[in-house]
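A closer look at the structure
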Amino acid sequence: MLKVKDVDYLNNYRLALLFSDGVKKEVDLEPYLNGEVFGPLRDINLFVQYGLTPTTIEWANGADLAPEFLYRIGK
């Protein structure tokens, strides 16, 4: 099972992620910050309030994204 093992804030809505398979990727989440759950994260002060769960990253408002999705959109 793929997991996010580490996360670092880069800038704007970009994060550097380390996955459980050892691959490092950068993700730009700006295009995905829409709707009731993710829309509030357009406020950069809220966006940077994230933490690691046992499998992925989660924001203070409870929003999270599947590690497989983050892996797929990462570069």
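A quick note: this is a predicted structure, and the numbers were derived from the prediction, not measured.

Summed over the entire model, instances satisfying the criterion amount to 5 aromatic pairs. A centroid spacing of 5.3 Å and a plane angle of 80 degrees characterise the contact between Tyr13 and Phe47, whose relative ring orientation is edge-to-face. In this pair, Tyr13 sits in the loop between β1 (4-11) and β2 (14-19) while Phe47 sits in helix α2 (residues 44-47), placing the two residues 34 residues apart along the sequence. Across this residue pair, the class does not change: Tyr13 and Phe47 are buried. With a centroid separation of 4.9 Å and 80 degrees between ring planes, the pair formed by Phe19 and Tyr71 is classed as edge-to-face. Here Tyr71 lies in helix α3 (residues 67-73) and Phe19 lies in strand β2, a separation of 52 residues in the sequence. Three or more aromatic residues link up through ring pairs in this structure, and these residues are Tyr9, Tyr13, Phe47 and Trp59.

Residues of β2 alternate between two faces, with Leu15, Leu17 and Phe19 buried on one and Arg14, Ala16 and Leu18 left unburied on the opposite face. Sheet analysis places β1 next to β2, joined by 6 bridges and oriented antiparallel. By the bridge assignment, Val4 is partnered in β2 with Phe19. The turn linking β1 back onto β2 is made up of 2 residues, and Asn12 within it adopts a positive phi angle of 45 degrees. Where β2 meets strand β3 (residues 24-28), 5 bridges bridge the pair, whose relative direction is antiparallel. If you follow Leu17 over to β3, its bridge partner there is Lys25. Where β2 hands over to β3, the hairpin turn is made up of 4 residues, of which Gly22 adopts a positive phi near 90 degrees.

How each quantity is defined
Residues numbered from 1 in each chain as written. Predicted model: local features only at pLDDT ≥ 70, side-chain atom pairs only at ≥ 80, totals over all residues. Heavy atoms only, no water. Phe/Tyr/Trp six-rings, centres within 6.5 Å; stacked < 30°, edge-to-face > 60°. Helix = DSSP H or I, 4+ residues; strand = E, 2+ residues; numbered from the N terminus. Buried < 20%, exposed > 50% of the residue type's maximum accessible area, 1.4 Å probe, protein only. Pairing = 2+ DSSP bridges.

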